[in-house]
Amino acid sequence: SDRLGVDAHTQRVLLKAVTSADWSNRIVSLDTRECDFHGKQAHFMASVVLSKPQMELFGEVPVKGIRSCTLTSVDLLGKRLGVTEALVIAALLRARNALTKLKLGVNAMCGLDENGNGAYRMEGIAAIADALQHSSQLVHLDLRWNHISERDKTDLRKKQGPQLAELLL
């Protein structure tokens, strides 16, 4: 179960539906923020989203705009983004993009909501930390108010490239 009441069975049904060959290639927008995916489910959902070239929007993440290099700044402050969205964003940062400014503060990228409720999961933030080593043009990254542990903050600082002039934690 998760913090918002979507049970494990519903999560499995959603995962199966999204990957159904009958209509999955027609999906251009998908929002799973209420599902609180983590672990294998989050990685699987992220890989499904990233495998769909027609995907325009995942939650509030402008996948198509980032992939097409038409966006240089993305503001996702307070959009209730979770672990799965963090995994998608990390993959987009590792790929060719034009982002110089990315605001991801006030989200649930560690599995904890704005009140600190939920279970701490480092996989989304760890993926973003790893992606920082591959993102050559990102100069501003705001991750404040995501309940990031001190250990993960240290990891983010260690992995930030020289081009990242402002890392807000």
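In the block above lies the structure referred to throughout.
A quick note: this is a predicted structure, and the numbers were derived from the prediction, not measured.

Calculation notes
- Here the residue numbers are simple positions, counted from 1 along each chain's written sequence.
- The predicted nature of this model means local features are confined to residues of pLDDT at least 70 and side-chain atom pairs, given and counted, to a pLDDT of 80 or more, with totals for whole chains, interfaces and linings taken over all residues.
- Side-chain measures here rest on the full set of heavy atoms in the structure, leaving out hydrogens and waters.
- Two strands make a pair as long as DSSP finds a minimum of two bridges between them.
- The helix and strand labels rest on DSSP assignments: H or I over at least four residues marks a helix, E over at least two residues marks a strand, and numbering proceeds from the N terminus.
- For helices, the axis comes from a line fit to the C-alpha atoms of the stretch in contact; other axes are also lines fit to C-alpha atoms, and the angle between any two N-to-C directions lies between 0 and 180 degrees.
- Throughout, nonpolar core names a set of buried Ala, Val, Leu, Ile, Met, Phe, Trp, Tyr and Cys residues whose side chains join them through atoms within 4.5 Å.
- Burial classes: relative accessible area under 20% of the type maximum marks a residue as buried, over 50% as exposed, and values in between as partly exposed (1.4 Å probe, protein chains only).
- When checking whether two residues touch, look at their non-hydrogen atoms; a contact exists if any pair is within 4.5 Å.
- Between Lys or Arg on one side and Asp or Glu on the other, a salt bridge is scored when a side-chain nitrogen of the former is within 4 Å of a carboxyl oxygen of the latter.

Asker: Tell me about the sheet that holds strand β4 (residues 101-103), and name the residues and values.
Answerer: The strand order β3-β4-β5-β6 describes an open sheet built from four strands, whose pairing is parallel. Whereas interior strands pair on both sides, the edge strands pair on one side only; in this sheet they are β3 (73-75) and β6 (166-168). Averaged over all pairs of adjacent strands, the angle between strand axes in this sheet comes to 5°, irrespective of strand direction. In this sheet, β6 lies alongside strand β5 (residues 140-142) in parallel orientation, the contact comprising three bridges. Counterpart to D142 in the pairing with β6 is L168.

Asker: Can you break down the nonpolar core residue by residue, with the values?
Answerer: By size, the foremost hydrophobic cluster in this structure holds 42 residues, and its most contacted members are L104, L141 and L143. Put simply, the parts of the chain that give this core at least two residues each are α2 (39-50), α3 (63-67), α4 (83-94) and α5 (123-132). Of the residues forming this core, the biggest block, eight residues, is contributed by α4. Once residues within four sequence positions are removed from consideration, L104 is found in contact with L76, L77, L81, I89, M109, I128, L141, D142, L143 and N146.

Asker: An account of unusual backbone geometry is needed here, citing residue identities and associated values.
Answerer: For C69, which is not a glycine, the phi torsion comes out positive at approximately 65°. With respect to the helices, strands and loops of the structure, C69 is situated in the loop between α3 and β3.

Asker: Lay out the pattern of salt bridges in plain terms, naming residues and giving numbers.
Answerer: Tallying each qualifying case throughout the model produces nine salt bridges. For R151, the salt bridge identified is with D152, shortest N-O distance 4.0 Å. A residue is classified by how much of its surface remains accessible, and R151, at 57% relative accessible area, is exposed. Look at D152 and you get buried, because its relative accessible area is 4%.

It is worth stressing that arrangement in space is one thing and function is another; only the former is reported here.
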